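# Residue-level structure breakdown
Each chain, written out:
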Amino acid sequence: QVQLVESGGGLVQAGGSLRLSCAASGRTFSGIPMGWFRQAPGKEREFVVGISWSGGTTDYADSVKGRFTISRDNAKNTMYLQMNSLKPEDTALYYCAAGRAPFGSIWLRSRDKYDYWGQGTQVTVSE
């Protein structure tokens, strides 16, 4: 099986930045898309951004577009999420996710396409 471990979360003031990392282990991810989701207390887990295997295609939720940047280093089996201009509404538990098999970029924001999930890293943005 594949294990995903997020890191980099923390407490930051509004307007600040954080960089999340997702380290994968267990096996390689050849051809597998990855993404980030988040979940606030009492709310459903929502899509943040997804990225194709090559990194050539990305899909951002409207709420983070222009502020967040996703990237991946396949040689290191690591994915990143650079978060700038953070807002209090970004406060949530952020989850790293990976597909179970290659799939088209049109499905990057589809939660059901992701088979592997990390345990989450908390991001808290104060006023």
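Residues numbered from 1 in each chain as written. Predicted model: local features only at pLDDT ≥ 70, side-chain atom pairs only at ≥ 80, totals over all residues. Heavy atoms only, no water.

## Here we look at the overall build of the chain
Applied cut-off: Helix numbers and strand numbers start at the N terminus; a helix is a DSSP run of H or I with at least 4 residues, a strand a run of E with at least 2. Atoms counted for the radius of gyration: C-alpha only. Globule rule: 2.2 Å times residue count to the power 0.38. For every residue, the accessible area (1.4 Å probe, protein chains only) is compared with the maximum for its type, and the residue is labelled buried under 20%, exposed over 50%, or partly exposed between those bounds.
Along the chain, the regular secondary structure elements total 0 helices and 11 strands. When its helices and strands are written in sequence order, the chain yields β-β-β-β-β-β-β-β-β-β-β. In summary, the chain has a C-alpha radius of gyration of 13 Å against a globular reference of 14 Å for 127 residues, a match within 12%. Along the first, second and third principal axes, the C-alpha atoms of the chain reach 40 × 25 × 25 Å. Within the chain, the fraction of its 127 residues that count as buried is 43%.

## Things to note about the nonpolar core
What counts here: Each nonpolar core is a collection of buried residues, namely Ala, Val, Leu, Ile, Met, Phe, Trp, Tyr and Cys, held together in the definition by side-chain atoms within 4.5 Å.
Residues Leu4, Trp36, Phe68, Leu81, Met83 and Tyr94 are the most contacted members of the largest nonpolar core, which totals 36 residues. Mapped by element, the contributors of at least two residues to this core are β3 (18-25), β4 (34-39), β5 (46-51), β7 (68-73), β8 (78-83), β9 (92-99), β10 (114-117) and β11 (121-126). At 5 residues, β9 tops the list of elements feeding residues into this core.

## So, the pattern of salt bridges
Our working rule: Should a side-chain nitrogen of Lys or Arg be within 4 Å of a carboxyl oxygen of Asp or Glu, the pair is scored as a salt bridge.
For the structure shown, the criterion picks out 6 salt bridges. For Glu46, the salt bridge goes to Arg38, with nearest N and O atoms at 2.7 Å. Classification of Arg38 as buried rests on a relative accessible area of 6%. Among the salt bridges present, the one from Arg38 reaches Asp90, with a minimum N-O distance of 2.9 Å. Taken together, the residues Arg38 in strand β4 and Asp90 in the loop between β8 and β9 connect sequence positions 52 residues apart. The two residues Arg38 and Asp90 agree in class, both being buried.

## What to know about the packing of aromatic side chains
The criterion, for reference: Each pair of aromatic rings taken from Phe, Tyr and Trp, with Trp reduced to its six-membered ring, is defined by centres within 6.5 Å and is described as stacked if the planes are under 30 degrees apart, edge-to-face if over 60, and tilted in the remaining cases. Our definition puts a charge over a ring when NZ of Lys or CZ of Arg is within 6 Å of the ring centre and also within 35 degrees of the ring normal.
This model, assessed by the stated rule, comprises 5 aromatic pairs. Centre to centre, the rings of Phe37 and Phe47 are 5.6 Å apart; their planes meet at 75°, and the pair counts as edge-to-face. In this pair, Phe37 sits in strand β4 while Phe47 sits in strand β5, placing the two residues 10 residues apart along the sequence. A relative accessible area of 1% places Phe37 in the buried class. Note on Phe47: relative accessible area 11%, which makes it buried. Its guanidinium or amino end placed over the ring of Trp117, Arg45 lies 5.1 Å from that ring's centre, counting from NZ or CZ. Taking NZ or CZ as reference, Lys113 lies 5.1 Å from the ring centre of Trp107, over its face.

## Some words on the pairing of β11
What counts is decided by this rule: Pairing between two strands requires that DSSP report at least two bridges joining them.
Of the two faces of β11, the one lined by Thr121, Val123 and Val125 is fully buried and the one lined by Gln122, Thr124 and Ser126 carries no buried residue. Both strand β2 (residues 10-13) and β11 contribute to a ladder of 4 bridges, which runs parallel. Bridging from a neighbouring strand, Val12 pairs with Val125 of β11. Looking at chain direction, β9 and β11 are connected through 3 bridges and run antiparallel. When the sheet's bridge partners are listed, Leu93 is paired in β11 with Gln122.

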